[in-house]
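Fold and contact review
Okay, here's what each chain looks like letter by letter:
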Amino acid sequence: MINLWTKYKQVRALKRLFFEPDGKLKEDAKIVLEWLRNEVGAKGRQVDQDGRSLLFSADGRFDAAAVAYIAGSRRVYDLLISRLAVDETEVFNLAAMSEAKREDDLFNDLTLI
């Protein structure tokens, strides 16, 4: 069981990483949270490229290992969201960056090197 002092230190560290001094999410934090949200399937049912549920194998049998993997990933995401005390609907509504914006950011980052 985690003690309160350890949890407090974790919350403070995460808040410094993810939030501006005015309490708003940093732009980089939005990118990371959006990626994590999508990676762990926090918006709903996870499916593969063919639209099949990841909870079942290709031959239609229930895949306990896949369920355990997804549950473990989701647990880490839920811990992060709870420590940040951010509204999950805010994370769900993060707008995806356009491909052009990503390319511009990449070009700008590479020119700084």
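Predicted model, so just to flag it, every value in this text is computed and none were measured.

The rules behind the values
- Residues numbered from 1 in each chain as written.
- Predicted model: local features only at pLDDT ≥ 70, side-chain atom pairs only at ≥ 80, totals over all residues.
- Heavy atoms only, no water.
- Helix = DSSP H or I, 4+ residues; strand = E, 2+ residues; numbered from the N terminus.
- Expected span 1.5 Å × (residues − 1).
- Contact = heavy atoms within 4.5 Å.
- Phe/Tyr/Trp six-rings, centres within 6.5 Å; stacked < 30°, edge-to-face > 60°.
- Buried < 20%, exposed > 50% of the residue type's maximum accessible area, 1.4 Å probe, protein only.
- Arc of directions from axis to C-beta.
- Axes fitted to C-alpha atoms, helices over the stretch in contact; angles between N-to-C directions.
- Parallel < 35°, antiparallel > 145°, perpendicular 65-115°, else oblique.
- Nonpolar A, V, L, I, M, F, W, Y, C, P; charged D, E, K, R; others polar.
- pLDDT = per-residue confidence, 0-100.
- Core = buried A, V, L, I, M, F, W, Y, C linked by side-chain atoms within 4.5 Å.

When the terminal C-alpha atoms of helix α3 (residues 64-84) are compared, their 30 Å separation across 21 residues agrees well with the 30 Å that a helix rising 1.5 Å per residue should span. Check the buried side of α3 and you find it contacts α1 (4-18), α2 (27-39) and α4 (88-92). Note on α3: the residue one or two positions beyond its end, A85, has a positive phi of about 55°.

By the definition in use, this model includes one aromatic pair. The interplanar angle of 25° and the centroid separation of 5.5 Å between the aromatic rings of W5 and Y8 together place this pair among those described as stacked. Taken together, the residues span about one helical turn, with W5 and Y8 both in helix α1 at a distance of three residues.

With 13 residues, α2 should cover 18 Å at 1.5 Å per step; its first-to-last C-alpha distance of 18 Å lies within 8% of that length. By the burial criterion, the buried members of α2 are A29, L33, E34 and R37. The buried side chains of α2 occupy one side of the element, clustering within an arc of 130° when seen end-on. Summarising the geometry of α2, the exposed residues directed more than 90 degrees from the buried face are E27, D28 and W35. In this structure, the buried side of α2 is in contact with α1, α3 and α4. In the segment just after α2, G41 is the residue with positive phi, at about 70°.

Taken N-terminus to C-terminus, the directions of α1 and α3 make an angle of 85°; their axes are 9 Å apart at the nearest point. Classified by the angle between their axes, α1 and α3 sit roughly perpendicular to one another. Contact residues: α1 offers K7, Q10, V11, L14, K15 and F18, while α3 offers L80, R83 and L84. In the contact of α1 with α3, the residues fall into five nonpolar, one polar and three charged.

This brings us to the confidence of the model for the chain. Per-residue confidence for the chain gives a mean pLDDT of 76, with 70% of residues at or over 70. Across the chain, α1 holds the top mean pLDDT of 88, while helix α5 (residues 99-112) sits lowest at 63.

Within the chain, A85 stands out as a residue other than glycine whose phi angle is a positive 55°. Its place among the elements puts A85 in the loop between α3 and α4.

All right, on to the nonpolar core then. Nonpolar side chains in soluble globular proteins tend to end up buried together. Formed by 14 residues in total, the largest nonpolar core has its most connected members in F18, L25, L33, L84, V86 and V91. Elements that contribute at least two residues to this core include exactly α1, α2 and α3. Per-element tally for this core: the top contributor is α3, with four residues. In this view, V91 contacts L33, R37, Y77, I81 and V86; residues no more than four positions away in its chain are not counted.

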